[in-house]
Every structure is written in structure tokens, then in C-alpha cells.
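# A structural walkthrough
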Amino acid sequence: MGIGEWADEVLDGIERARRGVDDLFEPNLRLGVTGLSGAGKTVFITALVASLLNRGRLHMFGAQTERRIEAVDLRPQPDPDVPRFAYESHMAALTGTDRVWPESTRAVSQLRLSIRYRRTGLSGLFGPGVLHLDIVDYPGEWLLDLSLLDQSYADWASGALAAAESAARAEHAKDWRAALSAADPSARHDEPAAEALYRAYRDYLQSCRQAGLSALAPGRFLMPGELEGSPALTFAPLPAIKGAGRGSLYAQMQARFEAYKRVVAKPFFRNHFARLDRQVVLIDALGAVAGGPRALADLTATMAETLSAFRHGTNSWLDALLGTRRIERLLFAASKADHLHHAQHGRLAALTEAMLAEAARRAEWRGAKTESLAIAAIRATSEQEVMRAGRSLELVRGQRLDTGREAAVFPGALPEDPQRLLATANAAKPGAVPADWPGQDFAALKFAPPDWQAGPEDGPPHIRLDRALDFLIGDKLE
Ligand code: GDP
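Procedures and definitions
Residues numbered from 1 in each chain as written. Predicted model: local features only at pLDDT ≥ 70, side-chain atom pairs only at ≥ 80, totals over all residues. Heavy atoms only, no water. Helix = DSSP H or I, 4+ residues; strand = E, 2+ residues; numbered from the N terminus. Buried < 20%, exposed > 50% of the residue type's maximum accessible area, 1.4 Å probe, protein only. Contact = heavy atoms within 4.5 Å. Areas by Shrake-Rupley, 256 points an atom, 1.4 Å probe, with all protein chains shown as cover. Lys, Arg positive; Asp, Glu negative; His and termini not counted. Charge placed at Lys NZ, Arg CZ, Asp CG, Glu CD. 1 Å grid on protein atoms, 1.4 Å probe; cavity = no way out; pocket = protein on both sides within 12 Å on 5 of 7 lines; lining within 4 Å. Points joined across faces, edges and corners; volume = space filled by probe spheres on them. Nonpolar A, V, L, I, M, F, W, Y, C, P; charged D, E, K, R; others polar. Near = heavy atom within 4 Å. Polar contact = N/O pair within 3.5 Å; in protein donor to acceptor, adjacent residues only side chain to side chain. Sits in = over half its atoms within 2 Å of the grid points. Arc of directions from axis to C-beta. Pairing = 2+ DSSP bridges. Axes fitted to C-alpha atoms, helices over the stretch in contact; angles between N-to-C directions. Phe/Tyr/Trp six-rings, centres within 6.5 Å; stacked < 30°, edge-to-face > 60°. Lys NZ or Arg CZ within 6 Å of the ring centre and 35° of its normal. pLDDT = per-residue confidence, 0-100. Salt bridge = Lys/Arg side-chain N within 4 Å of Asp/Glu carboxyl O.

Along the protein, the regular secondary structure elements total 17 helices and 10 strands. For the protein, the spread of C-alpha atoms along the three principal axes comes to 75 × 70 × 45 Å. The buried share of the protein, taken over its 478 residues, is 50%. In the protein, the proportion of contacts linking residues at least 24 apart, taken out of those at least 6 apart, comes to 78%. A total accessible area of about 22,100 Å² is found for the protein, and carbon and sulfur atoms account for 51% of it. Averaged over its 57 positive side-chain charges, the protein has a centre that lies 2 Å from the centre of its 60 negative ones.

A few words now on the layout of surface pockets. Roughly 1,300 Å³ of internal volume is contained in the largest pocket. Residue lining of the largest pocket: 50 residues in total, with Ser37, Gly38, Ala39, Asp284 and Lys336 positioned closest to the centre. Listed by contribution, the elements that provide at least two residues to the lining of the largest pocket are helix 2 (41-53), helix 8 (191-210), strand 5 (278-283), helix 11 (285-291) and helix 12 (293-306). Here the residues of the lining of the largest pocket are counted per class, giving 27 nonpolar, 15 polar and 8 charged.

A few words on the side chain of Thr42. Structurally, Thr42 is set in helix 2. Discounting chain neighbours no more than four positions away, the residues touching Thr42 are Phe85, His90, Pro102, Glu103, Ser104 and Thr105.

Surveying the vicinity of the ligand reveals 19 residues, the closest of which are Gly38, Lys41, Thr42, Ser104 and Asp338. At 3.4 Å from an oxygen atom of the ligand is found a main-chain nitrogen or oxygen belonging to Ala39. At a separation of 2.6 Å, an oxygen atom of the ligand approaches a polar side-chain atom of Thr42. Notes on the ligand: free accessible area 580 Å², of which the protein chains cover 94%. Among the cavities detected, the one that contains the ligand is the largest pocket.

Let us now look at helix 16 (residues 418-427). By the burial criterion, the buried members of helix 16 are Pro418, Leu421, Leu422 and Ala425. Mapping the buried residues of helix 16 onto a view down its axis gives an arc of 95 degrees, with all of them on the same face. Counted as exposed and oriented over 90 degrees from the buried face of helix 16: Arg420 and Ala427. Where helix 16 is buried, its residues contact helix 11, helix 12 and helix 14 (345-355). Its side-chain oxygen at 3.0 Å from the backbone nitrogen of Gln419, Asp417 defines the N-terminal cap of helix 16.

One pass over the structure, following the stated rule, counts 3 cavities of 30 Å³ or more. In this structure, the second largest cavity encloses a volume near 50 Å³. What lines the second largest cavity is Phe310, Arg326, Ile327, Leu330, Ala363, Arg366 and Ala368. Class assignment of the residues belonging to the lining of the second largest cavity gives a composition of 5 nonpolar, no polar and 2 charged.

Attention now goes to the sheet that holds strand 3 (residues 109-118). As summarised here, the arrangement of the 7 strands in space is 2-3-4-1-5-6-7, forming an open sheet in which the pairing is mixed. Unpaired on one side and paired on the other, strand 2 (69-75) and strand 7 (369-374) mark the two borders of the sheet. The mean inter-strand angle of the sheet, taken between neighbouring strand axes irrespective of direction, is 20 degrees. Looking at chain direction, strand 3 and strand 4 (residues 128-137) are connected through 10 bridges and run antiparallel. Its bridge partner being in strand 4, Ile115 is matched across the sheet by Leu131.

Let us look at the packing of aromatic side chains. Following the criterion strictly, the structure yields 20 aromatic pairs and no others. Through successive ring pairs, a cluster of aromatic residues spans Tyr153, Trp156, Trp176, Tyr198, Tyr201, Tyr204, Phe221, Phe235, Tyr250, Phe257 and Tyr260. Between the NZ or CZ atom of Arg220 and the centre of the ring of Trp142, over which it lies, the distance is 3.3 Å. The ring of Phe471 is capped by Arg329, whose NZ or CZ atom sits 5.4 Å from the centre of that ring.

Time to look at the confidence of the model for the protein. Detail in the predicted coordinates should be disregarded across regions flagged by low pLDDT. In this model, the protein carries a mean pLDDT of 89, and residues with pLDDT of at least 70 account for 93%. Across the protein, element-level confidence peaks in helix 17 (residues 465-473) with a mean pLDDT of 98 and bottoms out in helix 1 (residues 3-25) with 50. Here residues 1-6 is a poorly scored stretch, pLDDT under 50, and it has 2 contacts once near neighbours within four places are set aside; other chains count.

Before going further, it helps to examine the pattern of salt bridges. Applying the stated criterion to the full structure yields 28 salt bridges. Between Glu70 and Arg116 there is a salt bridge, with the nearest N and O atoms lying 3.6 Å from each other. With Glu70 in strand 2 and Arg116 in strand 3, this pair connects stretches of sequence that are 46 residues apart. Overall, the relative accessible area of 42% leaves Arg116 in the partly exposed class. Across the pair Arg325 and Asp277 runs a salt bridge, and its minimum N-O distance is 3.1 Å. Of the two residues, Arg325 sits in the loop between helix 13 (316-322) and strand 6 (329-334) while Asp277 sits in the loop between helix 10 (249-271) and strand 5, which places them 48 residues apart along the sequence.

This part is about the environment of Met60. By the element assignment, Met60 lies in the loop between helix 2 and helix 3 (62-65). Not counting residues within four places of it along the chain, the set of residues in contact with Met60 comprises Thr65, Asp466, Arg467 and Asp470.

This is the structure:
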């Protein structure tokens, strides 16, 4: 080790010690925000930050209703190598003259918000306190990589090849399998051939995902982040061969799979996931119901797979890394609840709870507190009741995203018993939709962001964002 590196180590040590002392007086709390693509992570974080900076609508956030929050400020984030969450440009999109939804999450990013508050004294401490809230945004697809870490290339490849033969996937796998049958794993490695196989396999995974089929690892093939095109991502499954020569395509694919685990998957779990204290998992359950039985069954399966990262004993590498550390609170939030009348919100929360019951049970077993809520981080609709043929119809009203015109729609109703809906979803044949399947209009609804011209004290309109916040950080502000 050179002198420069020694110096770096010492400085790192001093920095860590300094942070340790700081943490004693001004603790930091790392809040992870995840969910599959389109679940609502970007909108959630933007609304959370805007609502904490302008707290006029946080009626169910204890520290705020008790008037103990003195100031909230955006601070430079402490990890210089992690991109900053683009809060300002997302707000500019939402509040500009065009009012558009912000650009969705593509990779990990982070933001620090510092909250100065008065303590209640319940914690044994009195007077002013400061909490640094580090919000970490990351694609839920990346959690799928946990399943790879304990597998060899041969195990993973044979699993992937077998999965592609299932009735539901065979159609999507056609092009990739054609590319595969033209490849010779024992031939000398050739970069264009490797790239072609990677692209065909990635396209197959993406086509499965678009069809609502449950997602498969590697997670970066679905959401590459900044690594698109790098060698660690340029691999694909090949059938096992006897005695793959050192320079062969097979040997190269195997080496890249190992590199993916080492330089892509593990650093994400080590540097981001393992450091989280609290976690919100957003889930577009309504969108899945609208997509039909298969989409709901597959979202449930994918969530079970991604959420296995939150349970102990799933992966020996992660267990060793986490030790006794654990996520203390886990919130399952059904997003975009403003697409439904509030009379339906309880059913949406119950459906989410039923979909994620297994994950919640396991997280609770590890000592985490869990909760399910139906939320809208930004409420784009208002409600209206009209009488039709002697019956009251519960409508939602908002500006349509496609035409820009104001519209009132009856979004349909969710069934009372979520278990039955899930059982129907699991039993349904591909493409079949039972006649009594609910809410086939949910998908057609897309509303523009609202025009919130409230006072300077008001953040965006929302549904239960304040309750989500209270669950996630309320106890740290006592
Ligand atoms: P991400 O991929 O998880 O970052 O998803 P986004 O936060 O970008 O959300 C995807 C889309 O869902 C947005 O562009 C909006 O159209 C919609 N959306 C997300 N949250 C809400 C919400 O609270 N209300 C409404 N009406 N739409 C939302």
C-alpha cells in the first residue's frame, strides 16, 4: 500500500469517527423508496420533499400537528459518489406551465433533508433536535439480483433455459432461442456474438415483463442504470458444455456473470440496501388489476421475489453482510389511490396487504414493523357523487392526460374479499378475463398532475402521504 493510500485510509477513519460523533447528536435515518418501474417512486419522493418543505397539508403527521417542526432544509448529501435525486427538475416539471409528470427512476439516487424539531421529552432528551433524513430511490428490479448471488453460472443458465420453455414464456423466447441455437458455446469468444446473445436475452426478459409476466434476474437487464453496454452486463445463459476452453464463448459468459455479481449486484446491496433503516415499497396494484388476472398474479409473484431481500435466511452472503442489522419499518403503499373514490381505499389497502402478506409476515418475524396504506403522493382528482337510476355513483374527476379535458369517470369497484380476487387471478388461463373481473377501466384513466395554486405554506394535494410519513419517521421526531 502506498503512502497516498495510507493517508486516504487514515482520513477515511477520521471521517467515519467524525460521522459517528455527529450521529450521536444529529442522527441520520436512511429511508429507502422502491417499487417496480412505474410504481410511483419519483412522484412519491418529490411529493414527500415538497410536503416537508411546505407543511400546510400534513394534518396527520404528528410532529407537524403538534407544531414541533421548526425548520426543514435540503442539505448537500453526504455520499459524494451517489447521484442526487433531481428534486428541483421534477418539481419544475410538475409545476411548469405544461404540468407534466416527472421523469421516472432509472437508477439509484439520494437526497438529504434535515429536520429541526422540538423534542417531546418521551425519548428522555429535551430541547431542540435535528434529524438528517437520507432518502434513497432505487429500482425494485435490482432486488431480483439477490437470487443470483448464491448461484453459479451453470445453475443460473439452466434455470433460465428451463423457464423459457414454460407455456407462458415460450412465445416471448422465440427470437432468443433462435439466436441461441445458432451460437456455438465452445467456439472462440467473439464480441459481436456475445452482444447479439445478450440483446436477444434482454429483449426476451423485457417482452415477458411487458406482457405482465413475473420478472427474472438479472435486474439490470430490465433497468440497466448507468451500466448499459458495459461488459459486466453483456452476457446471457448458455447450455452447459463439457470442458469449455479458456478462450471460449462459454468461458467468457461465465466470467462476465461472475463479474456482474461482483461489480454490479454486490456493491448495490452493500452500499445502498444494507444501510437502509426504513423502507417504502410502492406497488401499482390498481394498474395490475386493470391489466387483468395474469397481470395481478404476476405482480404478486414478482413482488414476493423482490421482497425476499427483506427476509432473513434468503441468501447467505446478504445475511452475513447484514448481521443483526435490519429494516425497522416497512411500509407497503398502494400508489395512485386518487384513481378511486375514497369509499374504495380500504379495499385497495386490503388487496395490497393480501398480495404482500407473506413478505410482511417474514419481515415482522425479523422484528420490522409493517403497515399497508392506499396513498396518492400527488392527488390529481377530486370526488363527485351523482344519482343514476336511484343509485348513488361515486366518481372521480380530473384533467385527462391525453386530451387535457376535464372528465368525471366511474372507476369501478374493487371486490370486498381480496383473497378471492387473488385466487381467481392465480387460476385464470393466460389471456382469459372472467366476466366479473373488476375495474377494467382503471388502466384507461390517466390524469394530468393537478394545478395546485395554494398558499406558500402548502405542498401538493395528496392522499395519506402524511400518514405514510408519520409511520416512517414519526417516532424519530419524539
Ligand atoms: P417510478 O418509475 O416508480 O419512478 O414511477 P413514477 O413516480 O415516475 O410514476 C409513474 C407514473 O405514475 C407517473 O408518471 C404518473 O403518471 C403516475 N403516478 C405516480 N404517482 C401518482 C399519483 O400519486 N397520482 C396519480 N394520479 N398518478 C401518479
